[in-house]
Every structure is written in structure tokens, then in C-alpha cells.
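# Breakdown of the fold
One-letter residues, chain by chain:
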Amino acid sequence: MRGSSGATIVRDTATTVLKFAHAGAVGDRVHEQGLWLMRNESPLTPKVYTVGDGSYVMDALSELPHSIIDRELLVIQMVAGLAAHVWSKPAEVAFDLDAHLAKLDTLWCNVDDFKNIARDKIQWDELMACLTHGDPTCDNVMLNFDGDIVIIDPIPATPAVPDLKCVDIGKMLQSKAGFEFYRYGDASFMTNGVPYAHMFGTMNAAEWYAALYWCAVHFARALPYVPSDVAKYLEREVGRVLRFL
């Protein structure tokens, strides 16, 4: 499995694996992730059996055969699963504009455009508040024992990156725009660009606008974790998405 979190996954039993990290920010994140999965258990997410300090035990899963799947169909399946098992639940964390603006200051790029959009152009009160996965990328889709898709590695919401449906849609847009292909150099992740809004179910103009904004934010947030050649691609994608806004 790929990733940039710094966590480690090892076989625990014949049917389970242990995900763990040493003490610190990564360990805290793994711990919170395990609690989120246990608290919000559903057919769309891996079953977690125990959560410890910086670790949890979950079902062993199989890699998705990305080289032979229909990626647009996969996105549609992901949306259906999220709508049924995640977005259908109430939000746990509300949005705080001040916290979000402070989070933007940590981005490795010019944040003025982001701040202007967040303050003046997004209709935050019109956006759907619901439980979110936080990281529903194509790379985070695996198969369970029955061959059904599950979405692993949730990122629990914060006031700066809250439980708003558009946050998850933005992640899916980032993935569909080719993030994994450029991040890992894996040709099986090559895509045909950002999909149309209809793939994500019913969304009004305010929701779609906000989803594009979050797509740009997610690209920008990834900059510290990628090599310089990939960073150039991400910066280009940030600019391309911001031009729509």
C-alpha cells in the first residue's frame, strides 16, 4: 500500500492487519482514524476490532486492480456508498471560518486567492453538512472478503476542514484529476480529467463551486509531501482549478 502518512501496516492474523505509528502526530492521527472507523462502522469502511495508542486492528483487504477497472464507474460506486453510509449521517464537526483561514496560512503557496474565495465567494450556509470520510480518493479504495469496495484511511474532520459534503467531493475531484498518477507514476491511475458534476449526485451551484474550491485546497495541502517534480504538477493544478473560481 502507498501513502505519505508514515504509518506501517503488518499482518496481525490470517484475516486482520495492524496499522500503527510511533508516538507523535502520526500516531495521534492513526489513533483518531481508528476511533472514527469504529464509531462509524459501515459496509463502506474496513471493520476495526481494537484501537490502541497510535494503532488499530482491522480486516485485511485486497488491492483494487486499477489497471483494468472503469474509473468513472468506480467514482459512481464510491459516491453511492458514501451517500448511503457516510453522508447520510449527521455532521460531527461544524465549520469555523476563522479556523479555516488560519489553516490556509500553512499552505505552501500564495494563499490570498484562497482566502478571498473563502471569505467572499463561498456560500457556507448553503452547503450540505454531514459526516464525511475526509479522504475518499481512488487510491484509498480496496476490496473486502466479499469483493465489495471499501474506502480506507479516513481523515476525521476539524473545524478548519469540516464535515461538509463538498470537502469529500473535492477529494474525489483531486483524485479524478490525476493526483495518484502524478504522485506515484502509476499509469493505471491515468484519467481523462475532472469529471462532470452529475457523477456526484444532486448538487446545486453553490455545492459544486465549493467542491472545486476544496479540490484546489486539497492539491495545495499535498505540496509538502511530494517530490519537487510532482509539486510542479500540483501547483499547476491549483492554478487551473482556481481559474474556474
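So, here's what we can say about the structure. (Residues numbered from 1 in each chain as written. Predicted model: local features only at pLDDT ≥ 70, side-chain atom pairs only at ≥ 80, totals over all residues. Heavy atoms only, no water.)

### Examining the environment of Ala160
This is how the line gets drawn: In DSSP terms, a helix is any run of H or I states spanning at least four residues, a strand is any run of E spanning at least two, and both are numbered starting from the N terminus. Residues are treated as being in contact if the distance between any of their heavy atoms lies within 4.5 Å.
Counting through the fold element by element, Ala160 comes out in the loop between strand S7 (149-151) and helix H5 (165-176). Linking Ala160 and Ser228, residues 68 residues apart in sequence, is a C-alpha distance of 26 Å. In this structure, Ala160 is in contact with Phe95, Ala99, His100, Lys103 and Trp214, ignoring residues within four places of it in sequence.

### A few points about the packing of helix H2 (residues 71-85) against H5
Which entries qualify depends on this criterion: Where helices are involved, their axes are fitted lines through C-alpha atoms of the stretch in contact, as for all axes, and angles between N-to-C directions lie from 0 to 180°. With respect to orientation, any angle under 35 degrees is reported as roughly parallel, any angle over 145 as roughly antiparallel, any angle of 65 to 115 as roughly perpendicular, and every other angle as oblique. Two helices cross in a left-handed way if the nearer one is turned anticlockwise from the farther one by less than a right angle. They cross in a right-handed way if the turn is clockwise. Only Asp, Glu, Lys and Arg are considered charged, only Ala, Val, Leu, Ile, Met, Phe, Trp, Tyr, Cys and Pro nonpolar, and every remaining residue, Gly among them, polar.
Where H2 contacts H5, the axes come no closer than 12 Å and their chain directions differ by 165°. One element, H2, and the other, H5, form an angle in the roughly antiparallel class. H5 is crossed by H2, and the crossing has right-handed handedness. Listed contacts from H5 to Glu72, Val75, Met78, Val79 and Leu82 of H2 are Asp168, Met172 and Lys176. A class-by-class count of the residues in the contact of H2 with H5 yields five nonpolar, no polar and three charged.

### Section: helix H1 (residues 25-39)
The test is simple: Helices are assigned an expected span. That span is 1.5 Å times one less than the residue count.
The end-to-end C-alpha separation of H1 is 21 Å, in line with the 21 Å expected for 15 residues at 1.5 Å each. In this fold, the buried residues of H1 make contact with strand S2 (16-20), strand S3 (48-52) and strand S4 (55-59).

### Thoughts on the packing of aromatic side chains
Note the threshold: By convention, a stacked pair of Phe, Tyr or Trp rings (six-membered ring in the case of Trp) has centres within 6.5 Å and planes under 30 degrees apart, an edge-to-face pair has planes over 60 apart, and any other such pair is tilted. Using a 1.4 Å probe on the protein chains alone, a residue whose accessible area is under 20% of its type maximum counts as buried, one over 50% counts as exposed, and one in between counts as partly exposed.
For the coordinates displayed, the defined rule picks out nine aromatic pairs. For the ring pair Phe114 and Tyr213, a centre distance of 6.1 Å and an interplane angle of 65° mean the geometry is edge-to-face. One end of the pair, Phe114, is in helix H4 (residues 112-120); the other, Tyr213, is in helix H7 (residues 205-221), with 99 residues separating them in the sequence. An identical accessibility class is assigned to Phe114 and Tyr213; each is buried. When the ring of Phe179 is compared with that of Phe219, the centres are 6.4 Å apart and the planes differ by 65°; the resulting orientation is edge-to-face. A residue pair is termed long-range when its members are at least 10 positions apart, and Phe179 in helix H6 (residues 179-184) and Phe219 in helix H7 qualify at 40 residues. There is no split in this pair, since Phe179 and Phe219 are both buried. Every member of this aromatic cluster is reached through a ring pair, and the members are Phe95, Phe114, Trp124, Tyr213 and Trp214.

### Remarks on the side chain of Glu237
Relative to the helices and strands, Glu237 is located in helix H8 (residues 228-243). In this view, Glu237 contacts Ala177 and Phe219; residues no more than four positions away in its chain are not counted.

### Notes on the packing of helix H3 (residues 97-104) against H4
Axis separation between H3 and H4 bottoms out at 10 Å; the angle between their running directions is 170°. Taken together, H3 and H4 sit at an angle that is classed as roughly antiparallel. For the pair formed by H3 and H4, the contact residues are Leu97, His100, Leu101 and Leu104 on the first element and Phe114, Lys115, Ala118 and Arg119 on the second. Here the contact of H3 with H4 is built from residues that sort into five nonpolar, one polar and two charged.

### Focus: the sheet that holds S2
To keep things clear, this is the line we draw: Any two strands between which DSSP finds at least two bridges are classified as paired.
Strands sit in the order S1-S2-S4-S3 across an open sheet of four strands; the sheet is antiparallel. The open sheet has two edge strands, strand S1 (8-11) and S3, and neither has a second partner. Put simply, the sheet's adjacent strands are angled 20° from each other on average, direction ignored. Pairing analysis gives five bridges linking S2 to S4, with the strands arranged antiparallel. By the bridge assignment, Thr16 is partnered in S4 with Asp59.

### Focus on H4
Put simply, the rule reads: Directions from the helix axis toward the C-beta atoms define the arc.
Those residues of H4 that sit buried are Phe114, Lys115, Ile117 and Ala118. Viewed end-on, H4 has its buried residues packed into an arc of 165°, placing them on one side of the element. In this structure, the buried side of H4 is in contact with H3, H7 and H8.

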